[in-house]
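# Observations on chain architecture
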Amino acid sequence: MARILIVEDEVSLSDLVRSHLEKEGHAVDQAFEGHEALVTADRARPNLVILDWMLPGLDGLTVCKELRRKHLMPILMLTARGDVADRVTGLEVGADDYLGKPFSIVELSARVASLLRRVALDTASAAEDDSRPITFATLVLDLAGHRATLAGSSLDLTRREMDLLEVLLRHPGRTFSRDFLLERLWGADFDGLDRAVDTQMVRLRRKLGDLGVCIEAVWGVGYRFRPELRETT
Ligand code: CA
């Protein structure tokens, strides 16, 4: 099945979730504080992270941001806070779903299954990379042929713009931090400014014409692709 990392400082809860997920056939790693979570994620490369908001050391929100600099796996945040604002903050730094404490193990299990299905879909489409162009409305992104068209006309995109568009189109709704995008587009060694991403994004949006509205800036964080914005304009 999947490899799952549980980041939770409450040992009994972590163990409970672990034994349940293991019964469902998953391989489980545990981390009990924030720094350990980052190290374990790099080492174990989990398919999914269950991340508690309140942690000693680095808090869950910071861990979530840090994970997003390098990793694309879904993150399910756990929190005792029921506040909607917290939930929004969590989603904006790159969490994919959110579960308030206390939760039932059945509910957790359902969320995990749903997030893993999404990963399976992502992976399936990634495997088809070279054979099948990515399409959205009148936009066709043909990665194998290094070509993009908009309403049938050729779009003059740079390699970086193609990469950027690919990441966004493959993960609708997910917010990507500027750091993540910088590293993705220029590589880990690039010591550039966040503004480089903004400049790139402005250019890309302009080239996309009417569809440019679907690339949304998330204040203080980065960018996300929201296909539904096309319908509302
Ligand atoms: Ca906790």
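Everything below is about the structure printed above this text.
Each value, and the rule that gives it
- Residues numbered from 1 in each chain as written.
- Predicted model: local features only at pLDDT ≥ 70, side-chain atom pairs only at ≥ 80, totals over all residues.
- Heavy atoms only, no water.
- Donors = N, O, S within 2.8 Å, 3.2 Å for Na, K, Ca; no water.
- Buried < 20%, exposed > 50% of the residue type's maximum accessible area, 1.4 Å probe, protein only.
- Helix = DSSP H or I, 4+ residues; strand = E, 2+ residues; numbered from the N terminus.
- Pairing = 2+ DSSP bridges.
- Right-handed = clockwise from strand over helix to strand, strands pointing away.
- Contact = heavy atoms within 4.5 Å.
- Axes fitted to C-alpha atoms, helices over the stretch in contact; angles between N-to-C directions.
- Parallel < 35°, antiparallel > 145°, perpendicular 65-115°, else oblique.
- Left-handed = near helix turned anticlockwise from the far one by under 90°.
- Nonpolar A, V, L, I, M, F, W, Y, C, P; charged D, E, K, R; others polar.
- Expected span 1.5 Å × (residues − 1).
- Core = buried A, V, L, I, M, F, W, Y, C linked by side-chain atoms within 4.5 Å.

Before going further, it helps to examine the coordination of the calcium ion. The protein atoms donating to the calcium ion are Asp9 (OD), Asp52 (OD) and Met54 (O), with metal-donor distances spanning 2.0 to 2.4 Å. Spacing between the donor residues of the calcium ion along the chain follows D-x42-D-x1-M. Residue classification places Met54 among the partly exposed positions, given a relative accessible area of 48%.

Taking burial as the measure, the five residues of strand S4 (residues 75–79) include five buried ones, the bulk of the element. Burial along S4 is two-sided: the residues Ile75, Met77 and Thr79 and Leu76 and Leu78 are all buried. Relative to S4, strand S3 (residues 48–52) runs parallel, the two sharing four bridges. In the strand pairing of S4, Ile50 is matched with Leu76. With helix H3 (residues 60–70) bridging S3 and its parallel neighbour S4, the resulting β-α-β unit is right-handed. The pairing of S4 with strand S5 (residues 97–100) spans four bridges and is classified as parallel. When the bridges of S5 are listed, Met77 appears paired with Tyr98.

A separate point is the side chain of Asp29. Here Asp29 is to be found in strand S2 (residues 27–31). On the accessibility criterion, Asp29 (11% relative accessible area) is buried. Sequence-distant contacts of Asp29, that is, excluding residues within four places in its chain, are made with Arg3, Ile4, Leu5, Ile6, Thr40, Arg43 and Ala44.

Another aspect to go through is the sheet that holds S3. Reading across from one edge, S2-S1-S3-S4-S5 is the order of the five strands in this open sheet, with parallel pairing throughout. For this open sheet the edge positions go to S2 and S5, each flanked by a neighbour on one side alone. Across the sheet, the mean angle from the axis of one strand to that of its neighbour is 20 degrees, orientation sign disregarded. Taken strand by strand, helix H1 (residues 11–23) contacts strand S1 (3–7), S2 and S3, and its axis lies near 165 degrees from that of S2. Seen against the sheet, H3 touches S3 and S4 and runs at an angle of roughly 175 degrees to S4.

Here the focus is the packing of H3 against helix H7 (residues 178–186). Running from N to C, H3 and H7 cross one another at 15 degrees; their axes reach a closest spacing of 7 Å. Relative to H7, the element H3 is oriented roughly parallel. Seen from above, H3 lies across H7 with right-handed handedness. Residue-level inspection shows Arg68, Arg69 and Lys70 of H3 in contact with H7, the latter providing Asp179, Phe180 and Glu183. A breakdown of the residues in the contact of H3 with H7 according to their chemical character gives one nonpolar, no polar and five charged.

The end-to-end C-alpha distance of helix H6 (residues 159–170), which contains 12 residues, comes to 17 Å, matching closely the 16 Å that a straight helix rising 1.5 Å per residue would cover. For H6, a buried count of 10 out of 12 residues is recorded, marking the element as mostly surrounded by other parts of the structure. What H6 keeps buried is the set Glu161, Met162, Asp163, Leu164, Leu165, Glu166, Val167, Leu168, Leu169 and Arg170.

In globular proteins that are soluble, nonpolar side chains generally tend to be buried together. Leu141 and Met201 are the most contacted members of the largest nonpolar core, which has 30 residues in total. Of all the secondary structure elements, the ones that give two or more residues to this core are strand S6 (134–136), strand S7 (139–142), strand S8 (147–150), H6, H7, helix H8 (194–207) and strand S12 (222–225). It is H6 that provides the largest number of residues to this core, a total of six residues. The residues contacting Met201, other than those within four sequence positions of it, are Leu164, Leu168, Leu181, Ile215 and Tyr223. Listed in part, the 20 residues of the second largest apolar core include Ala37, Trp53, Val63 and Cys64.

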